[in-house]
There are 2 protein chains.
Amino acid sequence: MTEPLRLGIAGLGTVGVGLVRIIRRQAALLEARTGRRITISAISARTRDKDRGVPLSDYAWEDDPVALARRDDVDIFVELMGGADGPAKAATEAALKSGKDVVTANKAMLAVNGQALAELAEAQGRVIRFEAAVAGGIPVIKALTEGLAGNEIKRVMGVMNGTCNYILTRMQSAGLPYDVVFEEANQLGYLEADPELDVGGIDAGHKLSLLASIAFGTRVAFSDMELEGIGRITIEDIKQAADMGYRIKLLGVSRMTGRGLEQRMSPCLVPASSALGQLEGGTNMVVLEGDAVGQIVLRGAGAGEGPTASAVIADICDIARGFRLPVFGRPASSLTDATAAVSATPAAFYLRMALQDKPGALAKVATVLGEAGISINRMRQYDHDETLAPVLIVTHRCVRADLDRAITAMMKTGVVEGDPVALRIEEV
Amino acid sequence: MTEPLRLGIAGLGTVGVGLVRIIRRQAALLEARTGRRITISAISARTRDKDRGVPLSDYAWEDDPVALARRDDVDIFVELMGGADGPAKAATEAALKSGKDVVTANKAMLAVNGQALAELAEAQGRVIRFEAAVAGGIPVIKALTEGLAGNEIKRVMGVMNGTCNYILTRMQSAGLPYDVVFEEANQLGYLEADPELDVGGIDAGHKLSLLASIAFGTRVAFSDMELEGIGRITIEDIKQAADMGYRIKLLGVSRMTGRGLEQRMSPCLVPASSALGQLEGGTNMVVLEGDAVGQIVLRGAGAGEGPTASAVIADICDIARGFRLPVFGRPASSLTDATAAVSATPAAFYLRMALQDKPGALAKVATVLGEAGISINRMRQYDHDETLAPVLIVTHRCVRADLDRAITAMMKTGVVEGDPVALRIEEV
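Residues numbered from 1 in each chain as written. Chains lettered and ligands numbered in written order. Predicted model: local features only at pLDDT ≥ 70, side-chain atom pairs only at ≥ 80, totals over all residues. Heavy atoms only, no water.

Looking at an unreviewed UniProt entry, chain A carries the name Homoserine dehydrogenase, with the source organism given as Pseudooceanicola pacificus. Here chain A is described in UniProt, under the heading Sequence similarities (unreviewed entry), as follows: "Belongs to the homoserine dehydrogenase family." (UniProt positions renumbered as here; feature names shortened; annotations may be inferred.)

Participant: Can you lay out the interface of chain B and chain A for me, pointing to particular residues and giving the numbers?
Facilitator: Contacts between the two partners involve 48 residues from chain B, matched on the other side by 48 residues from chain A. Surface buried jointly by chain B and chain A totals about 3,900 Å² across both partners, of which 52% is contributed by carbon and sulfur atoms. When the buried surface of chain B facing chain A is broken down by residue, Arg33(B), Arg299(B) and Phe323(B) rank first, second and third, together holding 18% of it. Along the contact surface separating chain B from chain A lie four salt bridges. (Contact = heavy atoms within 4.5 Å. Buried area = accessible area lost by both parts, 1.4 Å probe. Salt bridge = Lys/Arg side-chain N within 4 Å of Asp/Glu carboxyl O.)

Participant: How would you sum up the domain arrangement of chain A? Please name residues and give values.
Facilitator: A common way to state how big an interface is: give the accessible area lost once the parts meet. Residue and element names in this part refer to chain A. Each domain of chain A was delimited in the assignment, giving domain 1 (5-133), domain 2 (140-301) and domain 3 (348-425). Spacing between the C-alpha centres of domain 1 and domain 2 amounts to 28 Å. Each partner contributes to the interface: domain 1 provides 12 residues, whereas domain 2 provides 13 residues. Summing the contributions of domain 1 and of domain 2, the shared interface buries around 1,000 Å²; its carbon and sulfur component is 63%. On inspection of domain 1 and its partner domain 2, the count reaches two salt bridges. The partner of arginine 219 in a salt bridge is glutamate 119, with the nearest N and O atoms 3.8 Å apart. Applying the counting criterion to the domain 1 and domain 2 interface returns three residue pairs in polar contact (both at pLDDT 80 or more). The leading source of residues in the side of domain 1 that touches domain 2 is helix H5 (residues 107-123), at eight residues. Of the residues belonging to the side of domain 1 that touches domain 2, the class tally is six nonpolar, two polar and four charged. (Domains from an automatic or database assignment. Polar contact = N/O pair within 3.5 Å; in protein donor to acceptor, adjacent residues only side chain to side chain. Helix = DSSP H or I, 4+ residues; strand = E, 2+ residues; numbered from the N terminus. Nonpolar A, V, L, I, M, F, W, Y, C, P; charged D, E, K, R; others polar.)

Participant: If you had to explain the sheet that holds strand E4 (residues 76-79) of chain A to someone new, which residues and values would you point to?
Facilitator: All names here are of chain A. The six strands lie next to each other as E3-E2-E1-E4-E5-E6, forming an open sheet whose pairing is parallel. Looking at which strands have only one partner, the edges of the open sheet turn out to be strand E3 (60-61) and strand E6 (128-129). Direction of pairing for E4 relative to strand E5 (residues 101-104): parallel, over a ladder of four bridges. Bridging across to E5, valine 78 finds its partner in valine 103. (Pairing = 2+ DSSP bridges.)

Participant: Provide a residue-level description of the nonpolar core, including the pertinent values.
Facilitator: If you look at the biggest cluster of nonpolar residues, it comprises 164 residues, and the most contacted ones within it are Val140(A), Ile167(A), Val140(B) and Ile167(B). Those residues in contact with Ile167(B), other than ones at most four positions away along the chain, are Tyr178(B), Val181(B), Phe182(B), Ala185(B), Val199(B) and Ile230(B). (Core = buried A, V, L, I, M, F, W, Y, C linked by side-chain atoms within 4.5 Å. Buried < 20%, exposed > 50% of the residue type's maximum accessible area, 1.4 Å probe, protein only.)

Participant: Now, about the packing of aromatic side chains: what can you tell me, with residues and values included?
Facilitator: Under the counting rule described, the total for this entry stands at seven aromatic pairs over all chains. Summarising the aromatic geometry, the rings of Phe130(A) and Phe328(A) are spaced 5.6 Å apart at their centres and angled 55° between planes, so their arrangement reads as tilted. Here Phe130(A) is found in the loop between E6 and helix H6 (140-147), whereas its partner Phe328(A) is found in the loop between helix H12 (305-320) and strand E13 (348-356), with 198 residues between them in sequence. The two residues Phe130(A) and Phe328(A) agree in class, both being buried. With a centroid separation of 4.4 Å and 5° between ring planes, the pair formed by Phe323(A) and Phe323(B) is classed as stacked. Of this pair, Phe323(A) sits in the loop between H12 and E13 while Phe323(B) sits in the loop between helix H12 (305-320) and strand E13 (348-356), placing the two residues on different chains. A relative accessible area of 0% places Phe323(A) in the buried class. (Phe/Tyr/Trp six-rings, centres within 6.5 Å; stacked < 30°, edge-to-face > 60°.)

Participant: Residues and numbers for the UniProt feature "binding site: NADPH" (unreviewed entry) in chain A, please.
Facilitator: All names here are of chain A. Feature annotation in UniProt places "binding site: NADPH" (unreviewed entry) on Lys107, given in this structure's numbering. For lysine 107, the location among the structural elements is in helix H5. With sequence-adjacent residues up to four places away left out, lysine 107 is seen in contact with Ala133, Asp203, His206, Lys207 and Leu210.

Participant: Pulling in residues and values, what's your account of the pattern of salt bridges?
Facilitator: Residues and elements named next belong to chain A. One pass over the structure, following the stated rule, counts 64 salt bridges over all chains. In this structure, the salt-bridge partner of lysine 207 is aspartate 203, at a minimum N-O distance of 3.0 Å. On the criterion of helical spacing, the pair formed by lysine 207 and aspartate 203 is a turn pair, its members being four residues apart in helix H10 (residues 202-216). Residue class for aspartate 203 comes out buried when judged on its relative accessible area of 7%.

Participant: Lay out the side chain of Thr34(A) with the relevant residues and their values.
Facilitator: Residue and element names in this part refer to chain A. Tracing the sequence through the fold places threonine 34 in helix H2 (residues 27-34). A distance of 2.8 Å separates a polar atom in the side chain of threonine 34 from the backbone oxygen of leucine 30. Each residue touching threonine 34, except ones within four places of it in the same chain, is listed here: Cys317, Ala320 and Arg321.

Participant: Any details on the relation of the copies chain B and chain A? Residues and values, ideally.
Facilitator: Superposing chain B onto chain A requires a rotation of 180° together with a translation of 0.0 Å along the rotation axis, leaving an RMSD of 0.0 Å. When the rotation and shift are considered jointly, the pair of chain copies conforms to a two-fold rotation axis. When C-alpha positions in chain B are compared against the rotation axis, the closest is assigned to Leu298(B), at 2.4 Å. Comparing interface residues between copies, 100% of those in chain B also sit at the interface in chain A, which points to an isologous, same-surface contact. (Least-squares fit on C-alpha atoms with pLDDT ≥ 70 in both.)

Participant: Any chance you could break down the sheet that holds strand E4 (residues 76-79) of chain B for me, citing the residues and the numbers?
Facilitator: All names here are of chain B. Spatial strand order, E3-E2-E1-E4-E5-E6: six strands in an open sheet with parallel pairing. Strands with a single pairing partner mark the edges of an open sheet, and in this sheet they are strand E3 (60-61) and strand E6 (128-129). H12 rests against strand E1 (5-10), strand E2 (38-44), E4, strand E5 (101-104) and E6 of the sheet, and its axis sits at about 160° to E5. (Axes fitted to C-alpha atoms, helices over the stretch in contact; angles between N-to-C directions.)

Participant: Which residues make up the side chain of Gln26(A), and what values do they have?
Facilitator: Here Gln26(A) lies in the loop between helix H1 (14-25) and H2. Within the structure, the side chain of Gln26(A) is placed 2.7 Å from the side chain of Asp291(B), a separation counted as a polar contact.

Participant: Give a detailed account of helix H4 (residues 86-97) of chain A, specifying residues and quantitative values.
Facilitator: All names here are of chain A. Taking 1.5 Å per residue as the helical rise, H4 with its 12 residues ought to reach 16 Å, and the 17 Å between its terminal C-alpha atoms agrees with that figure. All buried positions along H4 are accounted for by Ala88, Ala91, Thr92, Ala94, Ala95 and Leu96. Along its buried surface, H4 packs onto helix H3 (65-70), E4, E5, H5 and E6. The positive-phi residue at the C-terminal boundary of H4 is glycine 99, with phi of around 80°. (Expected span 1.5 Å × (residues − 1).)

Participant: Outline the environment of Ala320(A), supporting the account with residue identities and numerical values.
Facilitator: Here Ala320(A) is to be found in helix H12. Between the alpha carbons of Ala320(A) and Thr2(A) there is a distance of 10 Å; along the sequence they are 318 residues apart.

Participant: Can you break down the environment of Arg36(A) residue by residue, with the values?
Facilitator: All names here are of chain A. Examined against the element boundaries, arginine 36 turns out to sit in the loop between H2 and strand E2 (38-44). With relative accessibility at 19%, the residue arginine 36 sits in the buried group. Sequence spacing of arginine 36 and alanine 354 is 318 residues, and the spatial spacing of their C-alpha atoms is 64 Å. Excluding its chain neighbours within four sequence positions, the residues that come into contact with arginine 36 are Thr2, Glu3, Pro4, Leu5, Leu30, Glu31 and Ala320. Within the structure, the side chain of arginine 36 is placed 3.5 Å from the backbone oxygen of proline 4, a separation counted as a polar contact.

Participant: A description of H10(A) should follow, citing residues and the corresponding values.
Facilitator: Spanning 15 residues, H10(A) covers 21 Å between terminal C-alpha atoms, matching the ideal 21 Å at 1.5 Å per step. The buried count for H10(A) comes to 14 of 15 residues, which makes it a mostly enclosed element.

Participant: Please set out the packing of H6(A) against H10(A) residue by residue, giving values where relevant.
Facilitator: Residue and element names in this part refer to chain A. Contact geometry for H6 and H10: axes closest at 9 Å, N-to-C directions at 10°. Taken together, the axis directions place H6 and H10 in an arrangement best described as roughly parallel. Contacts between H6 and H10 involve Val140, Ile141, Leu144 and Thr145 from the former and Leu211, Ile214 and Ala215 from the latter. The residue makeup of the contact of H6 with H10, split by class, is six nonpolar, one polar and no charged. (Parallel < 35°, antiparallel > 145°, perpendicular 65-115°, else oblique.)

Participant: Talk me through the packing of H6(A) against helix H6 (residues 140-147) of chain B; I want residue IDs and the actual numbers.
Facilitator: Between H6(A) and H6(B), the shortest axis-to-axis distance is 10 Å and the interhelical angle comes to 125°. By the angle class used here, H6(A) and H6(B) are oblique. Of the two elements, H6(A) crosses H6(B), and the hand of that crossing is right-handed. On H6(B), the residues that touch Lys142(A), Glu146(A) and Gly147(A) of H6(A) are Lys142(B), Glu146(B) and Gly147(B). Classifying every residue of the contact of H6(A) with H6(B) gives no nonpolar, two polar and four charged. (Left-handed = near helix turned anticlockwise from the far one by under 90°.)

So this is what it looks like as structure tokens:
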């Protein structure tokens, strides 16, 4: 008779409560599938006296997650508190040092401290699993680490922040401006306490940095990511993009190039008819491209009690089955320190700017582009009430750095008002 | 230093050659990811003297796959010959009895002999892995067995025969009749030697039966599957369905009901705007629904050298990493013998028939449906050159058995010519 696998759960928010529910409801199924009983020994959260809608009195209580992580009756420390540092990191370290495995949903902690934690875990012969940290219920870490293990990964893409995708698709469908939909999302409770984590692309960037590390065998390097939020996307951008057959998505793209690792999380145009283009609301999608398998697309709920808890319990089941892997799929000591490469993969760009409504303004902009070697695919100056003329240009394929130089030159002509918006048209 | 993991590969068609290529090209990557060197000891195929475009002289040759399976220098027997019985089964059994693990892409063998082989494997303490048998490069067995391990699976759906999807989407896009596109597919080499395996739904049915076993913990029961091919789908069906906002797909659906296990592989209507509806050409899609995770959609190439070999090597990597699971995810002895349940989940149906062009004919059909308690959502009699009037009816939600009784009654009215075609409108 195999011993039960005993959990200590720190953090009883949505995901923690969802996990407790699954373990109570599916005890027999989990045992049938893993060959081990999975039990909860102890729990911890900020507030003890709170009705969480699930019976918790069977489990020992710890005020301090570090104490929970060190308990003798805990085999796996389940970290669901969040936060890159502070108690989450302290308790994770304590768990590893006490010889426990760790399962976490904490993308920030791993994006910032992943290498150090992976080294600690591996030195202790322990695992850290984090399927729930990326794209909620979608088993994407598993697909990448195991399902595509024989592939050289060519590109990883993803729409991995449901709130941003909700905002962008709602702007599109309702024809409402960013500020209004942002406020709606806020009222609906979709936004993090610090909204920049969502709309600034930070949360999705954390996730992409973890996927990139697994895909390319590199140390997680969130600080090298090119990061751009959705705050400058206007309803006009969305309408103009739609007119041309595109949708705007906060899209993460990572690939290894001869110059180093490209990692970027930014609003991009993708064809409206593509799987990414058709992704609506809070759903997540990850696209994995391997040299043998071609393109694999995975879609599912990126957040919420059930989906995230589903990913946490999957990691626990793997540990129950004895499946043990290095944290980022290869030994932490073998991960390479990739050079951060500014995106130089050529692409067409969408460029929107406000021009002073005077003779020769458009010509000046076009000349600057031509001098930078960037040719124009289409250009449109559209109606507007104000004195400034909104102008939209779609370039032929070019390199971002050349475009940025052209934009700097444009600003010096004196005919462009404010900062132009440049959005990559990602070939998907 | 860990010992290398040594393969014996039987079958050097597209997939076998693809596997050899990956192992030669990605040796370092595979070792970095699994911690073991993966080598090929011996190979076997029907013909020895044939240029397969990849160097094979380093590997020992066996004429007999059974002898290959028993070699002392083989740790994993890789079965890529195909066929439900015969040499594939004999060699698989020999491998298991000699204490080897087995990796196979053979859906027919497992759909027909899966339970016996699983029992043999588990008695020998060996594993059989078959990711490549279902949906090519998509890691769907892994997603179901491991990624969604904490979920009670509610429904499994899939478009898993690329040839059928090619035929149906090509009929749609080119407006060509079935026979013409079937011949095209034949010329392109898309069809199995026995085309019924493809267009009769047998190949896709094999795959669904394997997924159902894993999803519901039941013994694989391919013989209980409701199977219907695409041979009766006309270009008119496709056009009429498109007019109403649907696409026709050879769709597999399996779910556990209070009455037993539903498994059906049949042409269905799905919304044109759904992920399944938008699936073009030879691509595969599997939809997994779990009580916690909700709906997960997986898309990728369902066949071809690279994608299928990618799935084979993933299974090999799992074995190299020491990941060992019962064949169908739970011990073979614990799999239940599910009652086969004729589909009784209510759905709307698309019904097409040819009526004699005489007064009262339509009324008779409508009356029969009404008497069977089936109400009509829409009805359309459309233009045609011949004396028979094509009539199309979309029912409200009803149970298939009631509809079948109504169809039998219709046929007795004497106004219906030939067999009506009834297609389920699956809610996706």
